[in-house]
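A look at the structure
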Amino acid sequence: MTRRPAPSYSLALLIAGVLLGLGLLLVLLGHPRLAYATLVLVFAVVLAILRELVISGDR
């Protein structure tokens, strides 16, 4: 069985960090609905990373 190289999640983490910062900025500017929407996107990115980690662990 050949081992595959571990994937890098740096781009996904960078996107999540930018979205988190945008969400915090929107909270400070008084746009709570947009802030919640960006936080949902951050949650989706983190869940996608966790899903890939779990699937790769099963192989």
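Now for a quick tour of the structure. Note that the coordinates shown come from a computational prediction; the quantities given were computed from them, not determined experimentally. (Residues numbered from 1 in each chain as written. Predicted model: local features only at pLDDT ≥ 70, side-chain atom pairs only at ≥ 80, totals over all residues. Heavy atoms only, no water.)

A grouping of Phe43, Val46, Leu47, Leu50 and Leu53 is seen on the molecular surface, where their side chains present a nonpolar patch of about 450 Å² in accessible area. When you line up the elements, Phe43 lands in helix α2 (residues 32-58). You can call Phe43 exposed: its relative accessible area is 53%. (Patch = residues over 30% accessible without salt bridge, like charges linked within 9 Å, V, L, I, M, F, W, Y side chains within 5 Å. Areas by Shrake-Rupley, 256 points an atom, 1.4 Å probe, with all protein chains shown as cover. Salt bridge = Lys/Arg side-chain N within 4 Å of Asp/Glu carboxyl O. Helix = DSSP H or I, 4+ residues; strand = E, 2+ residues; numbered from the N terminus. Buried < 20%, exposed > 50% of the residue type's maximum accessible area, 1.4 Å probe, protein only.)

Grouped together as the largest cluster of nonpolar side chains are six residues: Tyr9, Ala16, Leu19, Val42, Val45 and Ile49. Contributions of two or more residues to this core are made by α1 (10-29) and α2. Here this core takes three residues from α2, the largest share from any one element. The residues touching Ile49, leaving out its near neighbours within four places in the chain, are Tyr9, Ala12 and Leu13. (Core = buried A, V, L, I, M, F, W, Y, C linked by side-chain atoms within 4.5 Å. Contact = heavy atoms within 4.5 Å.)

In total, this model carries one salt bridge according to the counting rule given. The shortest N-O distance in the salt bridge between Glu52 and Arg51 comes to 3.6 Å. For Glu52, a relative accessible area of 36% translates into the label partly exposed.

Position of Ala16 among the secondary structure elements: in helix α1. The buried category is assigned to Ala16, whose relative accessible area is 8%. Through-space distance from the C-alpha of Ala16 to that of Val42 is 5.1 Å; in sequence the pair is 26 residues apart. Contacts of Ala16, omitting those with residues within four sequence positions, involve Val42 and Val45.

Keep in mind that these numbers describe shape and distance, not what the molecule does.
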